[in-house]
Amino acid sequence: MGAVLSAVMELEQSNGVLVLNTPHKTVEMLTETAEPNAKMLLTAECIETLEMLIGEAHEYVKGVRAQGDLFTPAVGESA
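Residues numbered from 1 in each chain as written. Predicted model: local features only at pLDDT ≥ 70, side-chain atom pairs only at ≥ 80, totals over all residues. Heavy atoms only, no water.

J.: Help me get a handle on the pattern of salt bridges, residues and values and all.
T.: A complete count under the given rule lists 1 salt bridge for this structure. The residue glutamate 59 makes a salt bridge to lysine 62 at a minimum N-O spacing of 3.1 Å. (Salt bridge = Lys/Arg side-chain N within 4 Å of Asp/Glu carboxyl O.)

Next up, the structure:
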């Protein structure tokens, strides 16, 4: 897994926005011979957060929302 993290911020004194992108970072080094380099790898906290986000996105696509499941009748309702 790898990621480029992006952020956008409105600027008070501009019509444009500030856009920041990190370099592409991965979970592990791309080649077996490369020495591990913390600056090139995602942190454990970032990996955990991305895995949670991916899980939430999968649930969203399946219809599970914060207010309830879109494909299951609510308690007391008939199908």
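And the narrative resumes.
J.: Account for the pairing of strand E2 (residues 6-10), naming residues and giving values.
T.: Of all 5 residues in E2, 0 are buried, a share of ten percent or less. The sheet contact formed by E2 and strand E3 (residues 17-21) spans 5 bridges and is antiparallel. Paired with alanine 7 across the bridge in E3 is leucine 20. Here E2 folds back onto E3, and the loop between the two strands holds 6 residues. (Buried < 20%, exposed > 50% of the residue type's maximum accessible area, 1.4 Å probe, protein only. Helix = DSSP H or I, 4+ residues; strand = E, 2+ residues; numbered from the N terminus. Pairing = 2+ DSSP bridges.)

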